[in-house]
Amino acid sequence: MSPAAVPPAEVNRGAEPGAEVSRDPRTGAATAGPPATAPAELSALLAAAARDAHEIAATAPAVRAAWLTAVADALVEHTDELTALAEAETALGTDRLRGEVGRAAAQSRFYGSVAVEGGWLGVRIDGPATTGSVELRRINRPLGPVAVFGAGNFPFAFGVAGHDTASALAAGCPVLVKAHPAHPLLSARLGALVSAALRGAGAPAGAFALVTGFDTGLALVDAPEVAAVAFTGSQSGGTALVERAARRPVPVPVFAEMGTVNPAVLTPAAAADRAGLTAAADGFTGSFTLGQGQFCTKPGLLLAPAGSGAAEAVAAALKGVRPGWLLTEGIAEAYRRGVADLLAAGAERVATVAPSEEGFAAAPTVLSAPARALRPGSRLLAECFGPVALVVEYDGTAGLREALDTLQPSLAASVISSGPADPDLPWLVERLAGRTGRVVVNGWPTGVATSWAQQHGGPWPATSRPDATSVGAGALDRFTRPVAYQNVPRAALPEALRDGNPWHVVRRLDGVPVAAAPAGTGAGA
């Protein structure tokens, strides 16, 4: 999500030891931020989360959904205040940020509805007639306290009250969020709002906490109370957390969404239509410069047929792009260094837009490179976080296949075709599906819908867990583990496994899916 060139220590470290510093991306001006969480305070918050974990896990999904609705209501109520705070620390634009507050509220309600539906619990009940001798009841149980490291580029949707927090709470896990240093004042305010909303809705005190400081974040990962880590950020930062969690006496899973170069392929049939080529160039440019290129789903590479003029078409579209600012000074410096590294690796500058002279400004840029330059290990195949993209021309189907084979796996990939009858569409979709988490046809990957079918993840190094998603109904699955109960008396079972289906969740009884069943009908109830 953020530049791999920035060392992990710089991704989440404040400018002053022991405290965070708020910076205005437009000017670079600094304002004192909240102090780092003291070790004693962190210990108390961890103890509260561990103490209340069982109660939270045993709380009916409908009640947890009410907690998340309270959080959503608080976000909506404070939209103006939150938008202003975020704009001052991110320079992402008030319209974009206002919409993102609403999106975060909708996400919270969505995950509550997923919890109530109950399919994520995976309840399966098999009686002796099915097993041959015993009764088995299986359910996915919450892991326990989850440490969340949110993203800088989506302060609401992937921040303190974002996808990871909402899905973990929906799954019945306490959450401890590490405040992001790109917007420390906003994080602090969001933390206060979420805490108050949960308390007002009757959630236990240990259900949620916000902590601040780089060293505090490391201590959070090391804490024995923490059962899982969710991270959205750079490849370097995510890899560092994966390695740190693996060194614990009891390792825990780290669900790190890191991002790589998301490719877009323009088929020969699509490129043959000049109007279609112009539309594709406009769409590609709008997508890779959206939010100043600070999207994990930014399409950083366009593969186009040789002689199509795609690079020139993208350069023409770039003329209409307004330059802006990147989130932090470190990201801005990494962007400038990244563009220089791409040029040194064999790319050529096709067009650029002059940046502002103040703050953490970035120059939107389009580069081109020959297909032969795409070699394993080349800097051309690594993410450059910001408004830059590379156009590479391929020579025929064989050249395109060869180019695709050099790419890192990614979160998403796009195919721009001439329509359903495009002869290259079937094999391209199949090829890309083997290397990415989401395939988009005749569209662009920026913009991730929160829905039941969404997959926001991909093979390493796009994410640390290719089986997981950080967006959509499947996001709850990350924070559970399955347990089977054999011949366990009814009173000793988790409530969702008891006869009568007291939580009214989707269950599979003797192999047959059942939404709900009347009480007192035995093992099949």
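Note that the structure is predicted; figures quoted are calculated from it, not measured.

Engineer: Whenever I open this one, the packing of helix α4 (residues 79-90) against helix α8 (residues 184-200) confuses me. Can you help?
Structural biologist: Describing two packed helices takes the angle between their axes plus the distance from one axis to the other. At their nearest, the axes of α4 and α8 sit 8 Å apart, and the two run at 155 degrees to each other. The angle between α4 and α8 falls in the class roughly antiparallel. Residues Glu 81, Leu 82, Leu 85, Ala 86 and Glu 89 of α4 form the contact with α8, whose participating residues are Pro 184, Leu 185, Leu 186, Arg 189, Leu 190 and Leu 193. Of the residues assigned to the contact of α4 with α8, the class counts are 8 nonpolar, no polar and 3 charged.

Engineer: Help me understand the sheet that holds strand β5 (residues 146-149) in this model?
Structural biologist: Each strand in a sheet pairs with another by means of backbone hydrogen bonds, the pair being arranged parallel or else antiparallel. Spatial strand order, β7-β6-β5-β8-β9: 5 strands in an open sheet with parallel pairing. The open sheet terminates on both sides in strands that have one partner only, identified here as β7 (208-211) and β9 (254-257). Neighbour-to-neighbour, the strand axes of this sheet turn through a mean angle of 15 degrees, independent of strand direction. Sheet topology places strand β6 (residues 175-178) next to β7; 4 bridges connect them, and they run parallel. Paired with Val 177 across the bridge in β7 is Leu 210.

Engineer: When you look at the pattern of salt bridges in this model, what are you seeing that I'm missing?
Structural biologist: In total, this model carries 17 salt bridges according to the counting rule given. In this structure, Glu 87 and Arg 26 form a salt bridge, with 2.7 Å as the shortest nitrogen-oxygen distance. Linking Glu 87 in helix α4 with Arg 26 in the loop between β1 (19-23) and β2 (30-35), this pair joins segments that are 61 residues apart in sequence. One salt bridge connects Asp 405 with Arg 431, and the closest N-O pair in it is separated by 2.9 Å. With Asp 405 in helix α15 (residues 396-406) and Arg 431 in helix α16 (residues 425-433), this pair connects stretches of sequence that are 26 residues apart. The partly exposed category is assigned to Arg 431, whose relative accessible area is 24%. By sharing partners, the salt bridges in this structure join Glu 135, Arg 137, Arg 490 and Asp 499 into a single network.

Engineer: So what exactly am I meant to see when it comes to the pairing of strand β15 (residues 410-416) here?
Structural biologist: Two faces, one strand: in a regular strand the side chains alternate between the faces of the sheet. By the criterion of burial, β15 is predominantly enclosed, with 7 of the 7 residues buried. Where strand β10 (residues 262-266) lies against β15, 3 bridges are found, and the strand directions are parallel. Bridge pairing in β15 places Val 265 opposite Val 415. Where β15 meets strand β16 (residues 436-441), 5 bridges bridge the pair, whose relative direction is parallel. Along β16, the bridge assignment pairs Ala 413 with Val 439. Each parallel crossover has a hand, and for β15 linked through α16 to β16 it is right-handed.

Engineer: When you look at empty space enclosed by the protein in this model, what are you seeing that I'm missing?
Structural biologist: The method is simple in principle: a probe with the dimensions of a water molecule rolls over the atoms, and the space it marks as empty is what remains. Going through the model one piece at a time under the given rule, you end up with 5 cavities of 30 Å³ or more. As a volume, the largest cavity reaches approximately 140 Å³. If you go around the largest cavity, you meet 16 residues; those closest to its centre are Val 261, Gly 300, Ala 382, Cys 384 and Val 388. Those elements giving two or more residues to the lining of the largest cavity turn out to be β11 (299-305) and β14 (388-394). Sorting elements by how many residues they give to the lining of the largest cavity places β14 first, with 3 residues. Taken together, the residues of the lining of the largest cavity sort by class into 11 nonpolar, 3 polar and 2 charged. Quantified by volume, the second largest cavity comes out at close to 70 Å³. Lining the second largest cavity are 14 residues, with Phe 255, Ala 256, Glu 257, Thr 463 and Ser 470 sitting closest to its centre. At the level of secondary structure, the elements contributing two or more residues to the lining of the second largest cavity comprise β8 (228-232) and β9. A total of 3 residues in the lining of the second largest cavity trace back to one element, the largest contributor, which is β9.

Engineer: Looking at this model, I keep getting lost on the confidence of the model for the protein. Mind explaining?
Structural biologist: One rule of thumb: low pLDDT means the predicted coordinates there are not for detailed reading. For the protein, per-residue confidence averages 94 on the pLDDT scale, and 95% of positions sit at 70 or higher. Here residues 1-16 is modelled with pLDDT under 50, and outside its nearest four sequence neighbours on either side it reaches 54 contacts, counting other chains as well. Segment residues 517-525 is flagged for pLDDT under 50; beyond a separation of four residues in sequence, or across chains, it makes 21 contacts in the model.

Engineer: How should I be thinking about the nonpolar core in this particular structure?
Structural biologist: Formed by 108 residues in total, the largest nonpolar core has its most connected members in Leu 75, Tyr 111, Phe 156, Leu 303, Leu 404 and Phe 479. Sort the elements by how many residues they give to this core and helix α5 (residues 94-117) lands first, with 8 residues. Setting aside anything within four residues of it in sequence, one finds Phe 156 in contact with Leu 82, Thr 83, Ala 86, Leu 97, Glu 100, Val 101, Ala 104, Ala 161, Gly 162, Leu 186 and Leu 190. Core analysis: the next-biggest nonpolar cluster, separate from the first, contains 24 residues, Ala 271, Leu 318, Val 391 and Ile 416 among them.

Procedures and definitions
- Residues numbered from 1 in each chain as written.
- Predicted model: local features only at pLDDT ≥ 70, side-chain atom pairs only at ≥ 80, totals over all residues.
- Heavy atoms only, no water.
- Axes fitted to C-alpha atoms, helices over the stretch in contact; angles between N-to-C directions.
- Helix = DSSP H or I, 4+ residues; strand = E, 2+ residues; numbered from the N terminus.
- Parallel < 35°, antiparallel > 145°, perpendicular 65-115°, else oblique.
- Contact = heavy atoms within 4.5 Å.
- Nonpolar A, V, L, I, M, F, W, Y, C, P; charged D, E, K, R; others polar.
- Pairing = 2+ DSSP bridges.
- Salt bridge = Lys/Arg side-chain N within 4 Å of Asp/Glu carboxyl O.
- Buried < 20%, exposed > 50% of the residue type's maximum accessible area, 1.4 Å probe, protein only.
- Right-handed = clockwise from strand over helix to strand, strands pointing away.
- 1 Å grid on protein atoms, 1.4 Å probe; cavity = no way out; pocket = protein on both sides within 12 Å on 5 of 7 lines; lining within 4 Å.
- Points joined across faces, edges and corners; volume = space filled by probe spheres on them.
- pLDDT = per-residue confidence, 0-100.
- Core = buried A, V, L, I, M, F, W, Y, C linked by side-chain atoms within 4.5 Å.

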